[in-house]
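Each chain, letter by letter, is given below.
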Amino acid sequence: MDHMPENWGRPRSDVYGSYQHAIHSAGPQSHTQVPSITGTSVIAMKFNNGVILAADNLGSYGSLARFTDQERLIKVGKETVVGFSGDASDMQYLESMLERLIIEDNYEQDGHNFRAPHIYEYLSRVMYNRRSKVDPLWNAILVAGKKDDGSPFLGYVDLLGITYSSPCIATGYGAYLAIPLLRKLVSEDEDAKNVTEEQARAAIDESMKVLFYRDARSLDKYTVATVTLDGNVKFDKDVRCQNMNWRFAEGIRGYGTQKQ
Amino acid sequence: MNTMFAEQFNEPATNHSTAAPIEHRFNPYSDNGGTILAISGADYAVLAGDTRHISGYSINSRFQPRVHTLPGEKPLIVSANGFSADGETLVRRLAQRVEWYSYNHNKPLSAKSCARLIQTMLYGKRMFPYYVATILAGLDENGRGAVYSFDPVGSYEREQCRAGGAAASLIMPFLDNQVNLKNQVDPATGEPKIATDLSLEDTVKLVKDAFSSATERHIQVGDYLEIKIVTKDGVSVEYFPLKRD
Amino acid sequence: MSDPSSINGGSIVAMAGKDCVAIACDMRLGMQALTVSNDFPKIFQYNNSFIGLTGLGTDVTTLSEVFRYKVNMYNLREERDIEPETFANLVSTTLYEKRFGPYFVGPVVAGINSKSGKPYICGFDLIGCINFAKDFVVGGTSSHQLFGMCESLWEPDLEPEDLFETISQALMNAQDRDALSGWGGIVYVITKDKIVKRLLKTRQD
């Protein structure tokens, strides 16, 4: 009997040779090489008076629905909302970085406020620099707000530092399930001018419902944030998916309706 | 690799290859599609690129311009196509260097020098390259159109025309044929045709044709074509709709 | 480069015109970067059907013999020539017979139906899925380049002479951008009552 617990469950040294410590220290230094607590899709679209975005309140631990009141949309500065998907600890790290950025900018008291493009620029450089150290922050992030000229802004940045802007953006499964629904309304930047906040909200609610139907790591409880061009940020929390229809489940094995 | 670890730690060789490189989950590169194309003429250069941005089979954005104008009163246009995060970063760092050059030396950076600067920037990341096909377009010291093209680690060349990115292999032979008149003979003499400078109008037509064809056969190309034209009067831009499927 | 379909190199293109079709191939046979022959035509004629075979050289030769045998048997049994449509299906079934150990080829068929006089072209993948194209089909190591050339040069209803110029320019400029294709070319222009075979003199590099 080997009384050293650290040796239990290891290949026997006398048979396989002693443990090669090179395995442990091989490759570049790694911190978050695998995400643990994760958030699923964030979806967003522009409308005639701003940008609307939504993310559900689930923090998954693999396939376990670990936290059910996770807030993934945060207000940064006065008129910007940032939505995170991916690793929750990296999200909280970025939150703290953004908070420090805003606080330190505020010391100046020069009347300048960070707008969405500035936050976006900052985040995209942080994300790219971390990927270049091969130690990424495991997130896909949406930044919504308004540009300096007062027009709506919506941008995407992810763990590779990839950035792009579009009138409709969604991360994760949202890119497959929500984007087709949102693009029916707004395909071009011009189209956003003919879409009201109510229409946009309806499309977002519908998309969140579709995501809840089909994304196994999603929740029917979500937050909707609206940034309007007058600089107002509105959070609608604890929204529930409405008018769901699960009748189809009766015919499908695996939903618990059949015993055998 | 195998023997290196074995010797270093003086371990007996084992029958399972523990010393093989540990699999690494994170891949710092991806492909964001798109294609670029540059043609130079007697007193102009054009650099065109489609505006589609993709990941896998998803269209991220239908309008994400990839052709950039560098700062300065004698502007150069550049595009770094491939992995967009690297491309954007390269262009931003280049733009900063070009701007500071003009402040430090009180003159604009020439196309020739800018090309050499790009080479050093690309080669500077030789061991962790920018995953991009880069094309620089502008006017040379004599006011003639100039196009420089680069591989990801900085090999470069001045050329009459060049296609880069996803559909480069579709467009490049077409350019050989229609710009440099390759494989064409004069029916009267039977001698090979000699390429002459194209008019700007013909060049723009050729660019549109090349992209319409590439859009037809390459899924990563489409949405809009952005054509930037450098002349002695500065940079002008033209947009042309491509198929969106 | 242990991919069987790009060891020997080679390219094929076929185009439809007004009451005519054309099919063209390069002449190279290589072993990876080394060229071993510049006299390796890849187009074979069976009655009034033409097939271009690109891919692994040994499979090109083998299949050309298999099709010769099968078309001869067809001629003996049916006492008539095989039509391009029928031949295309023969190619397809022959390839699918080897579904789980395929010939590494990318065939292209061209011809004119002797009854209807309609031009017929089609292409295949290595297990026999038929691509029925109305305009042009390409195959081989320079297929990307050929797609780019054909998509921009081809237009509907070309007369035989114009079709010859179009397919030749498409082939030559495409193979000049492919290290594994080139070293000459052969073009067949097929009309209802005439087959014209021309050799292209091209760059030898």
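Just above sits the structure.
Report follows, based on the coordinates. Numbering of residues starts from 1 in each chain and follows the order in which that chain's sequence is written. Chains and ligands are labelled sequentially in the order written, the chains with letters from A and the ligands with numbers from 1. Confidence filtering applies because this is a predicted model: local features only for residues at pLDDT of at least 70, side-chain atom pairs given and counted only at 80 or more, and all residues used for totals across whole chains, interfaces and linings. The side-chain numbers reported here are obtained from all heavy atoms of the structure, hydrogens and water having been left aside.

### Regarding the interface of chain B and chain A
Right, on to step 1. Residues count as neighbours in contact if any of their non-hydrogen atoms are within 4.5 Å of one another. Listed as interface residues are 38 residues of chain B and, on the opposing side, 32 residues of chain A.
Right, on to step 2. Summing both sides of the interface, chain B and chain A together bury roughly 2,900 Å²; the carbon and sulfur share of this comes to 54%.
Right, on to step 3. Within this document, salt bridges are pairs made up of a side-chain nitrogen of Lys or Arg and a carboxyl oxygen of Asp or Glu, the two lying within 4 Å of each other. The interface formed by chain B and chain A includes 3 salt bridges.
Right, on to step 4. Nitrogen and oxygen atoms within 3.5 Å of one another constitute a polar contact, given that in protein one can donate a hydrogen and the other can accept it, and given that sequence-neighbouring residues count only through two side-chain atoms. Scanning the region where chain B abuts chain A turns up 12 residue pairs in polar contact (both at pLDDT 80 or more). Put simply, buried area is the surface a 1.4 Å probe can reach on two separate parts but cannot reach once they are joined, added for both.

### Concerning the sheet that holds strand E8 (residues 145–150) of chain B
Residue and element names in this part refer to chain B.
Right, on to step 1. Pairing between two strands requires that DSSP report at least two bridges joining them. Secondary structure counts use DSSP, requiring at least four H or I residues in a row for a helix and at least two E residues in a row for a strand, with both numbered from the N terminus. Spatially, the 5 strands line up as an open sheet ordered E5-E6-E7-E8-E9, and their pairing is antiparallel. The outermost strands of the open sheet, each flanked by one partner alone, are strand E5 (68–69) and strand E9 (156–159).
Right, on to step 2. Here E8 pairs with E9 via 4 bridges, running antiparallel. Paired with Phe150 across the two strands is Tyr156, which belongs to E9.
Right, on to step 3. Contacting E5, strand E6 (77–82) and strand E7 (132–139), helix H2 (residues 84–105) runs over the sheet at an angle of about 155° to E6.
Right, on to step 4. Along the sheet, helix H3 (residues 111–124) contacts E6, E7, E8 and E9; its crossing angle with E7, the most-contacted strand, is approximately 165°. Every axis in this analysis is a line fitted to C-alpha atoms, fitted for helices over the stretch in contact. Angles between the N-to-C directions lie between 0 and 180 degrees.

### Here we look at the environment of C:Asp81
Residues and elements named next belong to chain C.
Right, on to step 1. Tracing the chain through its elements places Asp81 in the loop between helix H1 (57–78) and helix H2 (84–97).
Right, on to step 2. Note: C-alpha distance between Asp81 and Ser49 (32 residues apart in sequence) is 9.3 Å.
Right, on to step 3. In contact with Asp81, not counting residues within four places along its chain, are Asn47, Tyr74 and Asn75.

### Brief notes about the packing of helix H5 (residues 200–217) of chain B against helix H3 (residues 143–153) of chain C
Right, on to step 1. Packing of H5(B) against H3(C) leaves a shortest axis separation of 9 Å and a crossing angle of 120°. Put simply, H5(B) runs oblique to H3(C). Between H5(B) and H3(C) lies a crossing of right-handed hand. Two secondary-structure elements touch here, H5(B) through B:Ser213, B:Glu216 and B:Arg217 and H3(C) through C:Phe147, C:Gly148, C:Glu151 and C:Ser152.
Right, on to step 2. Any residue that is not Ala, Val, Leu, Ile, Met, Phe, Trp, Tyr, Cys, Pro, Asp, Glu, Lys or Arg is counted as polar, Gly included; the first ten are nonpolar and the last four charged. Its residues assigned to classes, the contact of H5(B) with H3(C) comprises 1 nonpolar, 3 polar and 3 charged. With respect to orientation, any angle under 35 degrees is reported as roughly parallel, any angle over 145 as roughly antiparallel, any angle of 65 to 115 as roughly perpendicular, and every other angle as oblique. The sense of a crossing depends on the near helix, which, turned anticlockwise from the far helix by less than a right angle, makes the crossing left-handed and, turned clockwise, makes it right-handed.

### Remarks on the nonpolar core
Note that soluble globular proteins tend to have their nonpolar side chains buried in a common cluster.
Right, on to step 1. By nonpolar core we mean a set of buried residues, namely Ala, Val, Leu, Ile, Met, Phe, Trp, Tyr and Cys, connected to one another through side-chain atoms within 4.5 Å. The buried label goes to any residue with under 20% of its type's maximum accessible area, the exposed label to any with over 50%, and the partly exposed label to all in between, with areas taken from a 1.4 Å probe on protein chains only. B:Leu70, B:Leu94, B:Cys114, B:Ile118 and B:Leu136 are the most contacted members of the largest nonpolar core, which has 49 residues in total.
Right, on to step 2. A per-element tally of this core places H3(B) first, with 7 residues.
Right, on to step 3. Those residues within four positions of B:Ile118 in sequence are excluded, and the remaining contacts are B:Val78, B:Leu94, B:Thr134, B:Leu136 and B:Phe150.
Right, on to step 4. Ranked by size, the runner-up nonpolar core spans 48 residues in total, among them B:Met172, B:Ile227, B:Leu242 and C:Leu158.

### Concerning unusual backbone geometry
Residue and element names in this part refer to chain B.
Right, on to step 1. Unlike most non-glycine residues, Asn106 shows phi in positive territory, near 55°.
Right, on to step 2. With respect to the secondary-structure elements, Asn106 resides in the loop between H2 and H3.
Right, on to step 3. Taking relative accessible area as the criterion, Asn106 reaches 71% and is therefore assigned exposed.

### A look at the pattern of salt bridges
Right, on to step 1. Applying the stated criterion across every chain yields a total of 33 salt bridges over all chains.
Right, on to step 2. One salt bridge connects B:Asp176 with C:Arg177, and the closest N-O pair in it is separated by 2.7 Å. Of the two residues, B:Asp176 is situated in helix H4 (residues 168–178) and C:Arg177 in the loop between helix H4 (160–176) and strand E11 (185–191); the pairing between them involves two chains.
Right, on to step 3. The class for B:Asp176 is buried, based on a relative accessible area of 7%.
Right, on to step 4. Linking B:Arg217 and C:Glu151 is a salt bridge whose minimum nitrogen-to-oxygen distance equals 2.8 Å. A residue pair is termed interchain when its members come from two chains, as with B:Arg217 in helix H5 and C:Glu151 in helix H3.
Right, on to step 5. What you see here is one network of salt bridges that share partners, running through A:Glu79, A:Arg115 and A:Asp148.

These values are about where atoms sit, not about what they do.
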